[in-house]
Amino acid sequence: MLSGLALAGVISSGAVFAAAGDSEAQRAERWGEIKQQIFPDKTIQPGSGAVRIDAPKRAEDASLVPITLTMPDKDKIAELSLIIDDNPTPYAAHFVFGPAADPGELKLRVRVNNYTDVHAVAQMKDGSFVESTEYVKASGGCSAPMGMSDEEAMQGMGDMRMKFGETQPGKPVQATLMIRHPNFSGMQMNQVSRDYTPARYIQKITVSYGDKSVFTMDGDISISSNPVIKFAYLPEGSGPMKVTASDNQGGHWEKSFPVRAASN
């Protein structure tokens with residue numbers, strides 16, 4: 001698999017970028033090129049049994065497209081990749097699940113730059129790969145302005161919040177991580193200077209519970225500003241929940257959250 005630093009390099013040279021009217025065959029050709037770059041020499045089986053994508057058929061806001069990834073075979077999944085085929089850098093996110101994870105469902109918000117297929121590729125613990133596809137109608141999400149100055153968008157950068165669901169013995173706990181960060185794509189124009197704001201986006205997030213990993217996420221410009229990630233973890237042992245985040249310009253932030261013990 002590609003490292004986090006390699007995500008930004010996944011742009012198909014010579015590829016035919018899709019347009020709104022592209023046929024299914026043209027989209028399949030595009031995916032074939034991307035797939036060969038990200039998963040060279042790997043056989044990827046189609047099927048939504050391992051992972052399912054829920055996304056709006058037509059997004060209301062292309063810069064804040066909600067994506068839900070559901071994994072019925074969660075105990076068999078080791079890693080998960082989210083690819084937005086026609087974004088400037090298609091490889092949106094790569095998750096590696098740790099022993100404290102309950103990878104039954106992930107929710108996050110992404111940018112979509114063009115009418116596109118979205119692919120989720122699950123790497124199973126046995127080494128096999130399974131993919132699922134959803135077509136999303138949206139455009140302009142990677143260049144959409146944030147509606148505020150760059151300075152305002154960067155205020156409080158790195159601030160984190162965490163919300164926890166109900167804690168019960170032996171059951172996974174739902175959690176929502178919120179990180180303050182503009183995730184500038186490098187394609188957004190400053191409305192005052194008329195210059196493009198340099199790309200600055202969260203490259204890596206790690207979440208651990210006690211001494212066990214929950215997940216690691218490598219990300220890129222396709223993740224929406226002020227990332228929100230909903231996930232679940234196994235409340236075995238004791239906390240705290242620790243989050244570290246770093247961006248492509250050297251920013252680094254850490255925060256620990258106290259975790260309420262399961263009630264008997």
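Chemist: Account for the overall build of the protein chain, with residues named and values stated.
Modeler: Along the protein chain, the regular secondary structure elements total two helices and 15 strands. Scaling as 2.2 N^0.38, a compact globule of 264 residues should have a C-alpha radius of gyration of about 18 Å, and the protein chain matches this with 18 Å. Its C-alpha atoms give the protein chain principal-axis dimensions of about 55 × 45 × 30 Å. Residues classed as buried in the protein chain amount to 50% of the 264 residues present. Sequence-distant contacts in the protein chain: of pairs separated by 6 or more residues, those separated by 24 or more amount to 69%. Of note, the protein chain has its 26 positive side-chain charges centred 6 Å away from the centre of its 31 negative side-chain charges.

Chemist: I'd love a proper account of the nonpolar core, names of residues and values included.
Modeler: Judged by nonpolar contacts, the single largest core of 54 residues is most densely connected at Leu69, Leu80, Ile205, Val214, Phe215 and Phe231. Setting aside residues up to four positions removed in sequence, Phe215 forms contacts with Phe95, Val96, Phe97, Gly98, Ile205, Thr206, Val207, Ile229 and Phe231. Of all hydrophobic cores here, the second largest spans nine residues; its members include Trp31, Ile34, Tyr91 and Phe129.

Chemist: Which residues make up the packing of aromatic side chains, and what are the values?
Modeler: The final tally for this structure, using the stated rule, is six aromatic pairs. Note on Phe95 and Phe97: the rings are 6.4 Å apart at their centroids and 10° apart in plane angle, and the pair reads as stacked.

Chemist: Describe the sheet that holds strand E12 (residues 212-219), with residues and values.
Modeler: Sheet strands pair by backbone hydrogen bonding; their relative direction is either parallel or antiparallel. Strand order in the open sheet formed by nine strands is E1-E8-E7-E4-E5-E12-E11-E14-E15, with mixed pairing between adjacent strands. The open sheet terminates on both sides in strands that have one partner only, identified here as strand E1 (44-46) and strand E15 (252-257). Averaged over all neighbouring strand pairs, the angle between strand axes comes to 15°, with direction disregarded. Alignment of strand E4 (residues 77-84) against strand E7 (residues 116-124), held across seven bridges, turns out to be antiparallel. Bridge pairing in E7 links Glu79 to Gln123.

Chemist: Could you give an account of the pairing of strand E10 (residues 173-179), naming the residues involved and the relevant values?
Modeler: With six of seven residues buried, E10 is to be regarded as a mostly interior element. Pairing between E10 and strand E13 (residues 228-233): six bridges, direction antiparallel. Residue Met178 lies in a different strand from E13, and its bridge partner there is Val228.

Definitions and limits used
- Residues numbered from 1 in each chain as written.
- Predicted model: local features only at pLDDT ≥ 70, side-chain atom pairs only at ≥ 80, totals over all residues.
- Heavy atoms only, no water.
- Helix = DSSP H or I, 4+ residues; strand = E, 2+ residues; numbered from the N terminus.
- Rg over C-alpha atoms; globule rule 2.2 N^0.38 Å.
- Buried < 20%, exposed > 50% of the residue type's maximum accessible area, 1.4 Å probe, protein only.
- Contact = heavy atoms within 4.5 Å.
- Lys, Arg positive; Asp, Glu negative; His and termini not counted.
- Charge placed at Lys NZ, Arg CZ, Asp CG, Glu CD.
- Core = buried A, V, L, I, M, F, W, Y, C linked by side-chain atoms within 4.5 Å.
- Phe/Tyr/Trp six-rings, centres within 6.5 Å; stacked < 30°, edge-to-face > 60°.
- Pairing = 2+ DSSP bridges.
- Axes fitted to C-alpha atoms, helices over the stretch in contact; angles between N-to-C directions.

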